[in-house]
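Inside the fold
What follows is each chain in one-letter form.
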Amino acid sequence: MDSSLIRCKRVTKEDYEKVMAIFPPLEIYNGGDYLPDYFHMLIDMPNNEMYAAVIGDTFDFRFYDTHKRTLQNKYSSVIRKENPSLKSESIDEKMLGEIIASTDHKQYLFPEDEIVVDQVPYRAIKSNAPLIISKRTTVVVSDLNCPQRTLLSISNFWQAPIGMFFNFNAYGCLSENTKEHLILHFSKFLCRPMSEYILFRGISSQGTSWTFLDSAVEEFGFNRRTELYGTGVTSVRRRITSKL
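Residues numbered from 1 in each chain as written. Predicted model: local features only at pLDDT ≥ 70, side-chain atom pairs only at ≥ 80, totals over all residues. Heavy atoms only, no water.

Where an unreviewed UniProt entry is consulted, the protein appears under the name Histidine N-acetyltransferase C-terminal domain-containing protein, with the organism given as Mytilus galloprovincialis.

As structure tokens, this is what we get:
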């Protein structure tokens with residue numbers, strides 16, 4: 001496609017139906033499109049502007065799926081076996097900004113100086129912390145006192161036509177504490193109204209070993225799916241290959 005033919009238009013609330021009509025949400029990512037659920041939240045945020053255009057880039061992720069009752073039962077079983085004094089904690093945008101600004105932590109968590117959240121790449125700078133965290137975002141850290149072992153994860157959820165999506169981005173050293181992160185994320189996730197069908201998506205930088213995540217999600221009742229959508233995550237500064 002000739003890029004000179006692409007025209008961008010500022011989107012307003014009144015354009016909702018027009019934007020949704022561009023392509024049926026049920027046909028995007030096999031019904032995993034988040035825009036119908038996110039549209040008004042994003043457009044109401046004072047630091048956001050929305051534009052409509054023809055976009056050719058797609059994404060490449062690994063998926064796991066389960067049903068609400070399975071997750072609830074498995075979660076209850078896992079949590080009974082765990083030490084109630086977890087070493088991981090949820091943090092707010094202020095703490096996230098401090099972690100990003102920490103030279104000791106940044107070299108281990110964000111060596112590429114980039115954070116990809118909900119398919120959007122952000123430069124790893126303190127001022128971006130308020131943009132990264134929204135009402136649909138949970139940020140969890142483990143072993144914060146030991147930068148070499150710190151694990152930070154950022155998760156989002158949305159109600160898609162196919163069911164509930166849970167999106168997991170991990171930074172740092174993936175190890176046994178991955179399950180502690182999932183326990184905290186799922187505790188917040190399970191208290192919300194959700195669909196019977198749940199799809200869990202993991203995203204990571206190239207070369208990351210996902211052994212511990214594969215093991216953890218299986219323990220929570222998620223089954224591995226093989227569907228892949230597209231070829232990578234697009235960054236305005238460079239291209240990141242997402243291999244799980």
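A short note on the overall build of the protein
Using the following cut-off: Secondary structure follows DSSP: runs of H or I at least 4 residues long count as helices, runs of E at least 2 residues long count as strands, and numbering of each begins at the N terminus. Buried, partly exposed and exposed residues are distinguished by accessible area as a fraction of the type maximum, computed with a 1.4 Å probe on protein chains only: under 20%, between the cut-offs, and over 50%, respectively. Only heavy atoms matter for contacts: two residues are in contact if any of them lie within 4.5 Å across the pair. For the area figures, the Shrake-Rupley method with a 1.4 Å probe applies, and any residue is considered shielded solely by the protein chains shown.
For the protein, the helix and strand inventory stands at eight helices and 13 strands. Scored against the burial criterion, the 244 residues of the protein give a buried share of 48%. Look at the contacts in the protein between residues 6 or more apart in sequence, and 73% of them connect residues 24 or more apart. With an accessible surface of roughly 12800 Å², the protein has 51% of that area assigned to carbon and sulfur atoms.

Topic: the packing of aromatic side chains
To keep it simple, the criterion reads: Side-chain rings of Phe, Tyr and Trp, where Trp is taken by its six-membered ring, are said to pair if the distance between their centres is within 6.5 Å; with planes under 30 degrees apart they count as stacked, over 60 as edge-to-face, and otherwise as tilted.
Under the defined criterion, the tally for this structure stands at twelve aromatic pairs. Centroid distance Tyr 64 to Phe 200: 5.9 Å. Interplanar angle 70°. Geometry classified as edge-to-face. Taken together, the positions of Tyr 64 in strand 3 (residues 62–67) and Phe 200 in strand 10 (residues 197–203) put the pair 136 residues apart, joining distant regions of the chain. The same class applies to Tyr 64 and to Phe 200, which are both buried. For the pair Phe 166 and Phe 200, a centre-to-centre distance of 5.3 Å together with 35° between the ring planes defines the contact as tilted. Taken together, the residues span a long stretch of sequence, with Phe 166 in strand 9 (residues 163–172) and Phe 200 in strand 10 at a distance of 34 residues.

Focus: empty space enclosed by the protein
In this approach a probe as big as a water molecule rolls over the atoms, and the regions it shows empty are the leftover space. Condition: The distinction between a cavity and a pocket rests on a 1 Å grid over the protein atoms alone: a 1.4 Å probe fits inside a cavity but cannot get out, while a pocket stays open yet meets protein on both sides within 12 Å along at least five of seven lines, and a residue with an atom within 4 Å of a point counts as lining. Grid points are joined across faces, edges and corners, and a volume is the space filled by probe spheres set on the points. Here the nonpolar group is Ala, Val, Leu, Ile, Met, Phe, Trp, Tyr, Cys and Pro; Asp, Glu, Lys and Arg are the charged ones; every other residue, Gly included, is treated as polar.
With the rule as written, the count across this model stands at two cavities of 30 Å³ or more. The calculated volume of the second largest cavity comes to roughly 40 Å³. Around the second largest cavity, the lining residues are Arg 136, Thr 138, Ser 155, Asn 156, Phe 157, Phe 166, His 185, Lys 188 and Arg 192. Those elements that provide at least two residues to the lining of the second largest cavity are strand 8 (151–160) and helix 7 (178–190). Residues of the lining of the second largest cavity, tallied by class, amount to two nonpolar, four polar and three charged.

Observations concerning the packing of helix 7 against helix 8 (residues 211–219)
Test applied: What counts as an axis is a line fitted to C-alpha atoms, over the stretch in contact for a helix, and the angles between N-to-C directions run from 0 to 180 degrees. Every angle not falling under 35 degrees, over 145, or within 65 to 115 is termed oblique; those three ranges are roughly parallel, roughly antiparallel and roughly perpendicular. Rotating anticlockwise by less than a right angle from the far helix to the near helix defines a left-handed crossing, while the corresponding clockwise rotation defines a right-handed one.
Axis separation between helix 7 and helix 8 bottoms out at 9 Å; the angle between their running directions is 45°. By the angle class used here, helix 7 and helix 8 are oblique. Crossing angle aside, the handedness with which helix 7 passes helix 8 is right-handed. Between helix 7, through Thr 178, Lys 179 and Leu 182, and helix 8, the contact on the second element is made entirely by Phe 212, Leu 213, Ala 216, Val 217 and Glu 219. Class assignment of the residues belonging to the contact of helix 7 with helix 8 gives a composition of five nonpolar, one polar and two charged.

Here's the deal with the pairing of strand 9
Rules: DSSP-based pairing: two strands are paired if at least 2 bridges between them are found.
For strand 9, a buried count of nine out of ten residues is recorded, marking the element as mostly surrounded by other parts of the structure. Counted along the chain from strand 8 to the antiparallel partner strand 9, the turn is two residues long.

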